[in-house]
Amino acid sequence: MRARDFDTAISFFEKAAALSPGRADIHTNLAYALLKTGDSESAREQFGEAMRLEPADLHLALEYAFLCFEARDNAPARKAEARRIFSRISARNDESDDAALSATASQAFKNIDGPLAAGIARWQHVLATSPPTFS
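On a predicted model such as this, the values are computed, not experimentally measured, just so you know.

Observations concerning the packing of helix H4 (residues 58–69) against helix H5 (residues 76–91)
Between H4 and H5, whose axes approach to 8 Å, the crossing angle comes to 150°. By the criterion of interaxial angle, the relationship of H4 to H5 is roughly antiparallel. At the point where H4 passes H5, the crossing takes the left-handed sense. Contacts between H4 and H5 involve Leu58, Ala61, Leu62, Tyr64, Ala65, Phe66, Cys68 and Phe69 on the former and, on the latter, Arg78, Lys79, Glu81, Ala82, Ile85, Phe86, Arg88 and Ile89.

Some remarks on the nonpolar core
The biggest cluster of nonpolar side chains holds 28 residues, and the ones touching the most others in it are Phe47, Leu62, Tyr64, Ile85, Phe86 and Ile89. Every element with two or more residues in this core is listed here: helix H1 (6–19), helix H2 (24–36), helix H3 (40–53), H4, H5 and helix H6 (99–129). In terms of residues, this core owes the most to one element, H4, which gives eight residues.

Quick word on H1
Between its terminal C-alpha atoms H1 stretches 20 Å, which fits the 20 Å expected from 14 residues at 1.5 Å a residue. Those residues of H1 that fall on the buried side of the exposure criterion are Phe6, Ala9, Ile10, Phe13 and Ala17. One side of H1 carries all its buried residues, which in axial view fall inside an arc of 100°. Every exposed residue of H1 that faces more than 90 degrees away from the buried side is listed here: Asp7, Phe12, Lys15, Ala18 and Leu19.

Things to note about the confidence of the model for the protein
The predicted coordinates ought not to be read in detail in places where the model reports low pLDDT. Across the protein, the average pLDDT comes to 84, with 92% of residues at 70 or higher. Per-element confidence in the protein is highest for H1, whose mean pLDDT is 96, and lowest for H6, whose mean pLDDT is 75.

Section: the environment of glutamate 81
Following the sequence through the fold, glutamate 81 ends up in helix H5. For glutamate 81, a relative accessible area of 23% puts it in the partly exposed group. What glutamate 81 contacts, discounting residues up to four positions off in sequence, is Met51, Tyr64 and Cys68.

Some details on H5
Helix length check: H5, at 16 residues, gives a terminal C-alpha distance of 22 Å against a target of 22 Å (1.5 Å per residue), a fit within 8%. Burial in H5 covers these residues: Lys79, Ala82, Ile85, Phe86 and Ile89. Taken around the axis of H5, the buried residues stretch over an arc of 125°, which confines them to a single face. In H5, the exposed positions that point more than 90 degrees away from the buried face belong to Pro76, Ala77, Arg84 and Ala91.

Rules of the game
Residues numbered from 1 in each chain as written. Predicted model: local features only at pLDDT ≥ 70, side-chain atom pairs only at ≥ 80, totals over all residues. Heavy atoms only, no water. Axes fitted to C-alpha atoms, helices over the stretch in contact; angles between N-to-C directions. Helix = DSSP H or I, 4+ residues; strand = E, 2+ residues; numbered from the N terminus. Parallel < 35°, antiparallel > 145°, perpendicular 65-115°, else oblique. Left-handed = near helix turned anticlockwise from the far one by under 90°. Contact = heavy atoms within 4.5 Å. Core = buried A, V, L, I, M, F, W, Y, C linked by side-chain atoms within 4.5 Å. Buried < 20%, exposed > 50% of the residue type's maximum accessible area, 1.4 Å probe, protein only. Expected span 1.5 Å × (residues − 1). Arc of directions from axis to C-beta. pLDDT = per-residue confidence, 0-100.

This is how it looks when you write it as structure tokens:
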């Protein structure tokens, strides 16, 4: 990675992950190397695996959530997973949490939730101001 030879780094990290599949740090480093080459889909999978291995790591969770939300396939399940992660991290208030991560998650949740809330409000207004039709 330091030599910026990302393809070689990916190859080594893939071999290391196969030999030690339970090490979150290897999956995390593989994910970052994949991101450097523009392979965000594979990076998302690796961050997801690292998060599964280290569920308390809020930084991993945020990386995974952002990649879920920005997925090219625009899958609703990925968007929902991102919303759940952002909401979970932003709702944490104990002193051991990293305040910057919580603030980032809170802002990301607001960015996602704002347009959804506005759409619901528009439909509620339409329902409230339109005569009921049951055709």
